[in-house]
Protein chains: 2
Amino acid sequence: MKRKVDRRILRTRRLLNEALLALLVERDYENITIQDITEQADLNRATFYLHYSSKEELLVAALEEQFDELVASIEDLATGQPIWEDQTPELMTFRHVAEHAPLYKALLSERGTGYIIHRIIGYIAAYGEARLQEELPANIELSFPATLLSMHAAGSLFALVSWWVTNDMPYSPEYMAEVVLRMCNEGTRALIVGSETAVS
Amino acid sequence: MKRKVDRRILRTRRLLNEALLALLVERDYENITIQDITEQADLNRATFYLHYSSKEELLVAALEEQFDELVASIEDLATGQPIWEDQTPELMTFRHVAEHAPLYKALLSERGTGYIIHRIIGYIAAYGEARLQEELPANIELSFPATLLSMHAAGSLFALVSWWVTNDMPYSPEYMAEVVLRMCNEGTRALIVGSETAVS
DNA sequence: CTGATTTAACAACATTGTGTTGATTAAGCG
DNA sequence: CGCTTAATCAACACAATGTTGTTAAATCAG
């Protein structure tokens, strides 16, 4: 049943994997060619195509390995003894990203894969932040930086719009807008200091 | 001050713009070459380089035009008479996306520019949804689909992590995790039907 | 351990896209 | 009208792609 995987295959995939991650740190993803990867890994370029059909496929494989490592450490938390009680998955995530900062920075920053996505989310966030500063009266202040709040809302809106249009718009625009508004507004309310409920 | 732009320049840019958007609907962004674009626009390939230095630059220009159209319609709302009171920017956004569905679907779907981003957000959302179903007792139900809630949280987490690592981690992981948790949890609480506060 | 079989790795190939050049044509501007 | 400059065209060297058939190495049966 469980056929032994050829040692060469494992070795080659690992080499390609490491080569891509190494190159990602020092160069934009878009500017990394398959030639570069195989050259870095000291493999023939044709060998690449025996394992992956595109750069994207390799990147996904490499990333999933990274994520699985993160998820595994989170799962360990669930089963094992919690060292500190405040070790939430969210905190683990930020710690994990900090640990592999060069990689994630290369991957998520301006000139990486998500160039356009970044622009879109940034565009939404900038608009939201401007609107926030207009609408917030002077006597109300936020307990968190407005930028974080804007990024939160922009990310949520982007993800939901993206999911919605990709899945052929299974709900009406009105319904989706209501969901976004309620989720973001309730979250926002928690961060406002000095609102009328606080003046008890 | 305001020098008149040569009519030929405007014409060429508009043609390139339209050509790219037209091609985006029927082909993946990655598989569209500059040759294709100029061919579709009936322009010489060298002409492209007189205006843009890369495909990405053209795409950004084309998208910003789209967005500006959306923002303009929102701004109209703010100054003009509101036809219906419930026309929020969020609703306008979903309507705008629905109107240009083929373009946005091509742009945001699996095989578009944001292939990797999509995978990452999807990965986070799937994990979150699984965790949600585990932790939610049977007697508590959501007033919205769990998938929407997961996408909301995943989008928020992604945007914040992305912003954080891109800006060289200006806050501690602990602080960031607290922000994410509070914003998302408060939003989530609003969507839960049957929690103890509701059983008054 | 050994030979037969499988298949990964390789070198070489034709093809396609890129980015730039310099000379020519033609459209817009005052 | 004449000046300016955008667009065209042909040609270029270069880089990356994806696919050949061949060679070498790992696996497995006996």
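First, a word on scope: everything that follows refers to the structure included in this document. Computed from a predicted structure; not experimentally measured.

Here's the deal with the overall build of chain A
- When helices and strands are tallied, chain A shows nine helices and two strands.
- Its helices and strands in sequence order give chain A the pattern α-α-α-α-α-α-α-β-α-α-β, from N to C terminus.
- Of all 200 residues assigned to chain A, the portion counted as buried reaches 45%.
- Taken as a whole, chain A presents about 11100 Å² of accessible surface, with 51% of it coming from carbon and sulfur.

Considering the protein's contact with DNA strand D
- In the vicinity of DNA strand D there are 19 residues, among which A:Arg45, B:Arg8, B:Thr12, B:Thr47 and B:His51 approach most closely.
- A:Ile34 is positioned such that a nitrogen or oxygen atom in its backbone is 3.3 Å from a phosphate oxygen of DNA strand D.
- Within the backbone of B:Arg8, a nitrogen or oxygen atom sits 2.9 Å from a phosphate oxygen of DNA strand D.
- Looking at the surface near DNA strand D, the elements that each hand over two or more residues are α1 (7-26), α2 (34-40) and α3 (45-51) of chain A together with α1 (7-26) and α3 (45-51) of chain B.

Section: the packing of helix α7 (residues 115-135) of chain B against helix α8 (residues 146-166) of chain B
Residues and elements named next belong to chain B.
- Close contact between α7 and α8 brings their axes to 8 Å; oriented N to C, the two are set at 125 degrees. One finds that α7 runs oblique with respect to α8. Seen along the crossing, α7 lies across α8 with a hand that is right-handed. Here α7 contributes Ile 117, Ile 120, Ile 121, Ile 124, Ala 125, Gly 128, Glu 129 and Leu 132 to the contact with α8, which in turn contributes Ala 146, Thr 147, Leu 149, Ser 150, Met 151, Ala 154, Gly 155, Leu 157 and Phe 158.

Some remarks on the relation of the copies chain B and chain A
- With an RMSD of 0.2 Å, chain B superimposes on chain A once it is rotated by 180 degrees and translated 0.1 Å along the axis. What the rotation and shift describe, once combined, is the action of a two-fold rotation axis.
- A symmetric contact is evident, with 100% of the interface residues of chain B recurring at the interface of chain A.

Describing the interface of chain B and chain A
- Across the contact, 75 residues belong to chain B and 75 residues belong to chain A.
- With both chains or domains summed, chain B and chain A bury close to 7200 Å², and 77% of this area falls on carbon and sulfur atoms.
- One can count eight salt bridges joining chain B with chain A.
- Residue A:Glu174 is joined to B:Arg95 by a salt bridge in which the shortest nitrogen-to-oxygen separation is 2.7 Å.

Description of the side chain of A:Thr38
- When you line up the elements, A:Thr38 lands in helix α2.
- Residue contacts for A:Thr38: discarding those within four places in its chain leaves A:Leu16, A:Leu43, A:Asn44, A:Arg45 and A:Phe48.

Focus on the nonpolar core
- Counting residues in each nonpolar core, the largest one holds 107 residues, and the members touching the most others are A:Leu24 and B:Leu24.
- A per-element tally of this core places helix α8 (residues 146-166) of chain A first, with 13 residues.
- Setting aside residues no more than four positions away along its own chain, B:Leu24 makes contact with B:Tyr29, B:Ile32, B:Leu59, B:Leu103, B:Ala106 and B:Leu107.

Quick notes on the side chain of B:Lys55
Residue and element names in this part refer to chain B.
- Looking at the secondary structure, you find Lys 55 in helix α4 (residues 55-79).
- Despite being buried, Lys 55 has no salt bridge partner; Glu 56 is the closest side chain of opposite charge, sitting 5.2 Å away.
- Of note is the side chain of Lys 55, whose polar atom sits 2.9 Å from the backbone oxygen of Ile 32.

A few points about the protein's contact with DNA strand C
- Near DNA strand C lie 17 residues; those nearest to it are A:Thr12, A:Asn44, A:His51, B:Arg45 and B:Tyr49.
- When the atoms of DNA strand C within 4 Å of the protein are grouped by moiety, sugar and phosphate amount to 62% of the total.
- Here a phosphate oxygen of DNA strand C sits 3.3 Å away from a polar atom, N or O, in the side chain of A:Thr47.
- Contact between DNA strand C and B:Gln35: a phosphate oxygen at 3.4 Å from a main-chain N or O atom of the residue.
- Residue assignment for the surface near DNA strand C shows that the elements contributing at least two residues are α1 and α3 of chain A together with α1, α2 (34-40) and α3 of chain B.
- Classifying every residue of the surface near DNA strand C by side-chain character gives six nonpolar, six polar and five charged.

The rules we used
Residues numbered from 1 in each chain as written. Chains lettered and ligands numbered in written order. Predicted model: local features only at pLDDT ≥ 70, side-chain atom pairs only at ≥ 80, totals over all residues. Heavy atoms only, no water. Helix = DSSP H or I, 4+ residues; strand = E, 2+ residues; numbered from the N terminus. Buried < 20%, exposed > 50% of the residue type's maximum accessible area, 1.4 Å probe, protein only. Areas by Shrake-Rupley, 256 points an atom, 1.4 Å probe, with all protein chains shown as cover. Near = heavy atom within 4 Å. Polar contact = N/O pair within 3.5 Å; in protein donor to acceptor, adjacent residues only side chain to side chain. Axes fitted to C-alpha atoms, helices over the stretch in contact; angles between N-to-C directions. Parallel < 35°, antiparallel > 145°, perpendicular 65-115°, else oblique. Left-handed = near helix turned anticlockwise from the far one by under 90°. Contact = heavy atoms within 4.5 Å. Least-squares fit on C-alpha atoms with pLDDT ≥ 70 in both. Buried area = accessible area lost by both parts, 1.4 Å probe. Salt bridge = Lys/Arg side-chain N within 4 Å of Asp/Glu carboxyl O. Core = buried A, V, L, I, M, F, W, Y, C linked by side-chain atoms within 4.5 Å. Lys, Arg positive; Asp, Glu negative; His and termini not counted. Nonpolar A, V, L, I, M, F, W, Y, C, P; charged D, E, K, R; others polar.

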